[in-house]
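Residue-level structural notes
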Amino acid sequence: IVYFKQATELDPQYAEAYAGLASAYVLVSVPRTYLAPEVAGKALSLDPGLALPHATLGVYDSAVWKHQEAETEFQKALELDPGLSTAHHWHAYNLVVTGKAREAVEEMRIALQLDPLSLPVNRDLGLMLYWAKDYDGAIAQFKKTLEMQPNFHHTHCYIGRAYEVQGK
């Protein structure tokens, strides 16, 4: 957040810096999450062709239970940049909370194909498999994530939940 703010101060026309700032607000700073739509809007006013601000608006809308609006934003982001792993990743969450777990798994598989070394994408594919009730697949994916980083955030908890559902 500090560096994105610094970039916007150095160049108030730098749309990508506003896009990064908006996504940082929505992800890491709960007290500042409410700023994400305004900053994403600023990025889009400077460059309407950016995909990340639409993905950020999508994840924000999904978090505040505006799932149809979120879907519209994710579709716009993916239309602008089908190779944006972040858009596929965040879209998967909107799909899973709207009861489309299998579609969420497919979105996460695309995100993983685009960014195979991302720890959050690897772990969250496991989560989508879990929510799709593919517990063996979830466990395998969580194990893969732990091979990449043995102490990655929440992964042990999630694999434990999958084992618990299986009675193990």
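For the structure itself, look to the data block above.
This write-up is about the structure you can find in this document. (Residues numbered from 1 in each chain as written. Predicted model: local features only at pLDDT ≥ 70, side-chain atom pairs only at ≥ 80, totals over all residues. Heavy atoms only, no water.)

**Examining the nonpolar core**
Of all hydrophobic cores here, the largest spans 26 residues; its most connected members are Tyr25, Val26, Val39, Ala87 and Trp90. Breaking this core down by element, the ones donating at least two residues are helix H2 (15-28), helix H3 (36-46), helix H4 (52-63), helix H5 (67-80) and helix H6 (85-97). Considering every element that reaches this core, the biggest residue donor is H2, with seven residues. What valine 26 contacts, discounting residues up to four positions off in sequence, is Thr33, Ala36, Thr56, Val59, Tyr60 and Trp90. If you look at the next biggest cluster of nonpolar residues, it comprises 23 residues, including Val105, Met108, Ile139 and Ala162. (Core = buried A, V, L, I, M, F, W, Y, C linked by side-chain atoms within 4.5 Å. Buried < 20%, exposed > 50% of the residue type's maximum accessible area, 1.4 Å probe, protein only. Helix = DSSP H or I, 4+ residues; strand = E, 2+ residues; numbered from the N terminus. Contact = heavy atoms within 4.5 Å.)

**Structural notes on the environment of asparagine 122**
On the secondary structure map, asparagine 122 appears in helix H8 (residues 119-131). Along the chain, asparagine 122 and leucine 146 lie 24 residues apart, while their C-alpha atoms are 9.4 Å from each other.

**What to know about the packing of H5 against H6**
Packing of H5 against H6 brings their axes to within 10 Å, and their N-to-C directions diverge by 155°. Judged on the interaxial angle alone, H6 and H5 are roughly antiparallel. For the crossing formed where H5 meets H6, the hand is left-handed. Counting all contacts with H5, which are made through His67, Ala70, Glu71, Phe74, Gln75, Ala77 and Leu78, the residues of H6 involved are Ala87, His88, Trp90, His91, Asn94, Leu95 and Val97. Looking at side-chain class alone, the contact of H5 with H6 contains eight nonpolar, five polar and one charged residues. (Axes fitted to C-alpha atoms, helices over the stretch in contact; angles between N-to-C directions. Parallel < 35°, antiparallel > 145°, perpendicular 65-115°, else oblique. Left-handed = near helix turned anticlockwise from the far one by under 90°. Nonpolar A, V, L, I, M, F, W, Y, C, P; charged D, E, K, R; others polar.)

**Comments concerning the pattern of salt bridges**
Summed over all chains, the structure comprises three salt bridges. Among the salt bridges present, the one from glutamate 79 reaches lysine 76, with a minimum N-O distance of 3.7 Å. Of this pair, glutamate 79 and lysine 76 both sit in helix H5, three residues apart, which is roughly one turn of that helix. With a relative accessible area of 57%, glutamate 79 lands in the exposed category. Measuring nitrogen to oxygen at the nearest pair gives 3.8 Å for the salt bridge that ties arginine 109 to glutamate 106. Separated by three residues within a single helix, arginine 109 and glutamate 106 lie in helix H7 (residues 101-114), roughly one turn from each other. Judged by relative accessible area, which is 46%, glutamate 106 ranks as partly exposed. (Salt bridge = Lys/Arg side-chain N within 4 Å of Asp/Glu carboxyl O.)

**Some remarks on the packing of aromatic side chains**
Between two aromatic rings, the relevant description is the distance of the centres plus the angle of the planes. Counting across every chain of the model gives three aromatic pairs. With a centroid separation of 6.2 Å and 75° between ring planes, the pair formed by tyrosine 93 and tryptophan 131 is classed as edge-to-face. Of this pair, tyrosine 93 sits in helix H6 while tryptophan 131 sits in helix H8, placing them 38 residues apart in sequence. Across from the ring centre of tyrosine 18, 5.6 Å away, lies the NZ or CZ of lysine 42, which sits over that ring. (Phe/Tyr/Trp six-rings, centres within 6.5 Å; stacked < 30°, edge-to-face > 60°. Lys NZ or Arg CZ within 6 Å of the ring centre and 35° of its normal.)

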